[in-house]
Amino acid sequence: MKSLVILLFLSSFLFNLHQINCLLKFSLESTNENVKWTLENRNKSINIPGSVPGGVYTDLQNAGIIGDILSGYNDVLTRWVAHDTWTYTSKFNVSANSLSSAVARLVLEGVDTVAYIELNGIPIGLTKNMFVRYVFDVKAYLKEGENKLTFNFESPIDYAKNRSRQHFAAPECVPDVYNGECHANQIRKMQSSFSWDWGPAFPSVGIWRNIRLEFFNGAVIWSVTTHTEKKDTIWFLSVKVYLETGKNIRNISGYLSVYLSVEGHSTIKIGKNVDTKTNSDGTFDVELEMNISENMIREWWPNGYGSQHLYNLLVFFTTNGDRSDREISHKHMKIGFRTIELVEQEASLILGNDTLAGQGLTFYFKVNGHPLFMKGSNWIPSNVLPENNENEKTRIDNLLTAARATHMAMLRVWGGGVYESDYFYRRCDELGILIWQDFMFACAMYPVDPEFLDNVRAEIQHNVLRLQHHPSIAVWAGNNENEVALRGNWYSTQAQFEKYKAEYIRLYVDNIKPIVESIDPKRRYLISSPSNGRKSEEDGYIAKNPYDPHFGDTHYYNYLADNWDLNIFPQTRFASEYGFQSLPSLKTMKTATNKTSDYRIDSDYSKHRQHSPNGYNFIELQMKRHMKLNKDDPKYFEKFIYYSQISQAMSIKAETEFYRQSQADWYTMGALYWQLNDVWQAPSWSGIEYGGKWKMLHYFAKEFFAPVLVSPRLTLAKNVDVYLLNDRFVPIINANITVEMFKWNSFTPIKSQIFLANAKPLSSEKQFSIDLWDADKKDEIFLRFSLQADGVLSSPKNYIFPVPLKNIKGLRTPNIKVDVSETTAVCGNATSFTVNLNVDTIVPFLWLEANSIDGHFHDNGFIITEPKTSVHFCTKEKINAQQLKRGITYRYYEN
Ligand code: BMA
């Protein structure tokens, strides 16, 4: 029923609400002073306080039974924990008044993973999926006064192993260098908790999300999905409210109202009488629709393309009855108004250009009617322990704001981690970070026995319902790399190709797809990442070449070729993964080991932390192509770290700029590099170290993702093609691109030329081509590119180094003077300093460290081509300028 639309002030409505009885929620978390949890192992030799939400590793650390799990070899030394079985027990009181409610239920937002639950000694349920919310009807088992609740956790390793005996699905195990556990694919748990090529195994158990008792007589709102669509000047908002009551309650009557705050401090209300039969599981849903004039709403945009306007949506369900026994359940969320579409069409047709025929299908996101290039990265869990991942808001904020600061508009929540917390997606809504949301299946074949499929169906339904309303969610994807793994025989499945293919289709197509599409019919569900998108589907779901550059998304890693060379990268429609490893800073490493003997590439410790087979060799190979590094250098290890970061930053810069340059005719429309963050202090593909320190890559991202960028490409013919990248809605008109040639030993360019440049909105265009002016002496020179244009706030300088750094001539040892002064620049609640750098010659890759001072440089990894450079440093430490000056050290590249 479309109902009346009235305006009223929300505050007065909320005031009235307090006069109505609310349903009762009783938190069973350890923060509730009336609830205490204990944790005990199988033989009862350990009996310690338990934390809820929490987990066994957290509790064992807090009790001093194990040390910092991320220190030294503790990942393997604490593995006994995951082989034991654990019991979490709590005691709490329930009043007679609560018990008089018609419904009493135990709500578990997340249990990791296989637990047998007893209430007052009576089995009440079993959990076997950490991604599912479980609700158990406990009215018959609760008693007045003290109650005892017990969770008996099975070892996830044993559970997975046992299941694999009956339902084996390849691979047998992870590579030995992971120091991991086998058969993660058998258990619906964070797949990387059994180890990954960037992370340790901590197969935790515990109650990792909220837990509570709920008492009520009517019904509660569990989820609200929303869909926004614009026709002419009207936004259509459809709201579907999912409610739950007790299984024994057959009929519900009440009133559902929806309030939407709009511009001008106004609120729109719609309401509907509800009188319905419930489904056999006690659920029911109600739909409403609102029409909102476009001038009451401002659109939500991804970061870099506009602001993130969000509007309060409040939903209330009030049961019928006398005023005194009316019950009310409500849900508050913020929604955004935007349209998003993944456009997969014949390029020749949409561009009306026959020469594009045979180039496959486009693959781009059209947001609010505009095709937008998606700049971003891949997100892995922010913590190896899921409970921290849930409650470490500062860590999540820091990572997401770091993504925003580097112009990222999209993150891919990768399929080997977790469906992130509500907080995470809310922050993405606020920060304008679109989410490519994988379902949690990665790098494996998966079983399809009925029990597993049931388990998965519940997971998909739960998470799509939970996350659907976020404007940040852009697309769903069924899995990470499972199509390409099967096609490429990664796990020796070729002999049983047809069997595995049928199972693949059963899981992602027959089971998952209909659930996603019924709850969220307007968002695209891709079966896999990478895939050929629509083309993979037309070709029966396992494409001949899931990496086909004409279709869908690709993952590209090439550790053998020269990754600084833009010519090596294959075209792609959308690069959803590409990356290169580097080592974290010594500062970060020191939080895991203090032993100086560990600080060698060939130490047992370094080998232990490198999970990527041959990882250090690939890093070294890449570094050695461009840089001189002497194994006898007393500072070899520190230099290896620094060079690995240069190498990674330059590789990802090259590849990203290649993708941005390939934007003509909407060919390449996304570049999400692998990976944003880390879970421990180890070599990995991340741009941000565990603990939050930015590697050189993340600083470089600020520039290679800049909205306006002059981007040169040294061609195979040794010409330089110069592109102008414009990610703005306004054109660049009559800009000047200055190209300067420098010798490595002087600040004065030996040649300089200005080129006129124009760029359409949202475009990448080749502007001109230059030959290398002084072709004979390419080893003595480099080129600097800069842009001067009206209305462009800033455009980073860019560079071409014609020969590898190790071969350059003329580079001098610089004299570098560092001065520090306190400034009033805005730095949140931290103190800001200006660090002034005075140098007397060109300095490549100048890298500043504040060492023991915790803080953050706004820029780093400078190519210094001028005598004076200044940079902000923010710190929360109580220090003065002199102390900071004393704390700063630097490195630069020298031959
Ligand atoms: C891709 C990812 C991850 C992996 C990364 C680096 O395959 O999907 O599984 O960590 O490459 O190897």
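**Q** Please provide a residue-by-residue account of the site of the ligand, values included.
**A** Taken together, W196, D197, W198, W414, C443, N480, E481, Y557, E577, W674 and W685 form the complete shell of residues around the ligand. At 2.5 Å, a side-chain N or O of D197 approaches an oxygen atom of the ligand. Here the ligand loses 91% of its free accessible area of 300 Å² to cover by the protein chains. The class makeup of the residues in the shell around the ligand is seven nonpolar, one polar and three charged.

**Q** Go over the pattern of salt bridges, please, and point to the residues and values.
**A** Applying the stated criterion to the full structure yields 50 salt bridges. With its nearest N and O atoms 3.6 Å apart, the salt bridge here joins D84 to R42. Taken together, the positions of D84 in the loop between α4 (80–83) and β5 (86–94) and R42 in the loop between β3 (36–41) and β4 (47–49) put the pair 42 residues apart, joining distant regions of the chain. We note a salt bridge from E430 to R427, for which the minimum N-O separation is 2.6 Å. Highlighted residues: E430 and R427, both in helix α10 (residues 422–431), separated by three residues, approximately one helical turn. Among the residues examined, E430 registers a relative accessible area of 28% and is labelled partly exposed. A network of salt bridges, in which partner residues are shared, links R105, E109, R133, R212, E214 and E244.

**Q** Which residues make up the nonpolar core, and what values do they have?
**A** L149, F151 and F845 are the most contacted members of the largest nonpolar core, which has 228 residues in total. The dominant element in this core, judged by the number of residues it contributes, is helix α18 (residues 636–661), at 13 residues. What L149 contacts, discounting residues up to four positions off in sequence, is L28, W37, Y88, T89, S90, F92, L106, I117, E118, L119, I124 and I211. Formed by 34 residues, the second largest nonpolar core is a distinct cluster that contains V241, I252, V274 and I297.

**Q** Lay out the sheet that holds strand β10 (residues 134–137) in plain terms, naming residues and giving numbers.
**A** Strand order across the open sheet formed by four strands is β2-β15-β6-β10, with antiparallel pairing between neighbours. In the strand order of this sheet, the two ends are held by β2 (24–27) and β10, each with one partner. Each strand axis lies, on average, 25° off the axis of its neighbour in the sheet, ignoring direction. Pairing analysis gives four bridges linking β2 to strand β15 (residues 211–216), with the strands arranged antiparallel. Across the sheet, K25 pairs through a bridge with E214, a residue of β15.

**Q** Report on the sheet that holds strand β38 (residues 763–771), specifying residues and quantitative values.
**A** Reading across the sheet, the three strands line up as β34-β35-β38 and stay open at both edges, with antiparallel pairing between neighbours. At either margin of the open sheet sits one strand with a lone partner, and together these are β34 (708–714) and β38. For this sheet, the mean angle separating the axes of adjacent strands, direction not counted, is 20°. Across seven bridges, β34 lies against strand β35 (residues 719–726) in antiparallel orientation. Paired with R713 across the two strands is D721, which belongs to β35.

**Q** Break down the pairing of strand β21 (residues 311–319) for me, with residues and values.
**A** Of all nine residues in β21, eight are buried; the element is thus mostly enclosed. With seven bridges connecting them, strand β18 (residues 251–262) and β21 associate as antiparallel partners. Bridge assignment links L260 to a residue of β21, and that residue is L313. Note: β21 against strand β22 (residues 328–335), eight bridges, orientation antiparallel. Among the inter-strand pairings, N312 is bridged to a residue of β22, identified as K334.

**Q** Residues and numbers for helix α6 (residues 156–167), please.
**A** The end-to-end C-alpha distance of α6 is 16 Å, a good match for the 16 Å that twelve residues give at a rise of 1.5 Å each. Along α6, the residues that are buried comprise P156, I157, Y159, A160, R163 and S164. Summarising the axial view, the buried residues of α6 lie within an arc of 160°, below the 170-degree limit, and thus occupy one face. Those residues of α6 that are exposed and angled more than 90 degrees off the buried face are R165 and Q166. Looking at the buried positions of α6, the neighbouring elements they touch are α4, β8 (114–119), β9 (122–128), β12 (194–196) and α11 (450–467).

**Q** Now, about the packing of α11 against helix α13 (residues 497–519): what can you tell me, with residues and values included?
**A** Following both chains from N to C, one finds α11 and α13 inclined at 30°, their axes separated by 10 Å at the closest point. Comparing their axes, α13 and α11 come out roughly parallel. Seen from above, α11 lies across α13 with right-handed handedness. Between α11 and α13, the contacting residues are L453, V456, R457, I460, Q461, V464 and L465 on the first element and R506, L507, N511, I512, I515, V516 and I519 on the second. Of the residues belonging to the contact of α11 with α13, the class tally is ten nonpolar, two polar and two charged.

**Q** Now, about the state of the cysteines: what can you tell me, with residues and values included?
**A** In protein chemistry, a disulfide is the covalent bond that joins the sulfur atoms of two cysteines. Evaluated as defined, the whole model comprises two disulfides. Disulfide pairing is shown between C827 and C874; the S-S distance is 1.6 Å. As the torsion about the S-S bond is roughly -130°, the C827-C874 disulfide counts as left-handed. Of this pair, C827 sits in the loop between β41 (816–823) and β42 (831–839) while C874 sits in strand β46 (residues 868–875), placing them 47 residues apart in sequence. A single burial state applies to C827 and to C874, both of which are buried. If one numbers only the bonded cysteines of the protein chain, in the order they occur, the disulfide pattern is 1-2, 3-4. The structure places no disulfide on C443, whose sulfur is separated from the nearest cysteine sulfur, that of C173, by 15 Å. Judged by its relative accessible area of 18%, C443 falls in the buried class.

Rules used in this analysis
- Residues numbered from 1 in each chain as written.
- Predicted model: local features only at pLDDT ≥ 70, side-chain atom pairs only at ≥ 80, totals over all residues.
- Heavy atoms only, no water.
- Near = heavy atom within 4 Å.
- Polar contact = N/O pair within 3.5 Å; in protein donor to acceptor, adjacent residues only side chain to side chain.
- Areas by Shrake-Rupley, 256 points an atom, 1.4 Å probe, with all protein chains shown as cover.
- Nonpolar A, V, L, I, M, F, W, Y, C, P; charged D, E, K, R; others polar.
- Salt bridge = Lys/Arg side-chain N within 4 Å of Asp/Glu carboxyl O.
- Helix = DSSP H or I, 4+ residues; strand = E, 2+ residues; numbered from the N terminus.
- Buried < 20%, exposed > 50% of the residue type's maximum accessible area, 1.4 Å probe, protein only.
- Core = buried A, V, L, I, M, F, W, Y, C linked by side-chain atoms within 4.5 Å.
- Contact = heavy atoms within 4.5 Å.
- Pairing = 2+ DSSP bridges.
- Axes fitted to C-alpha atoms, helices over the stretch in contact; angles between N-to-C directions.
- Expected span 1.5 Å × (residues − 1).
- Arc of directions from axis to C-beta.
- Parallel < 35°, antiparallel > 145°, perpendicular 65-115°, else oblique.
- Left-handed = near helix turned anticlockwise from the far one by under 90°.
- Disulfide = S-S within 2.5 Å.

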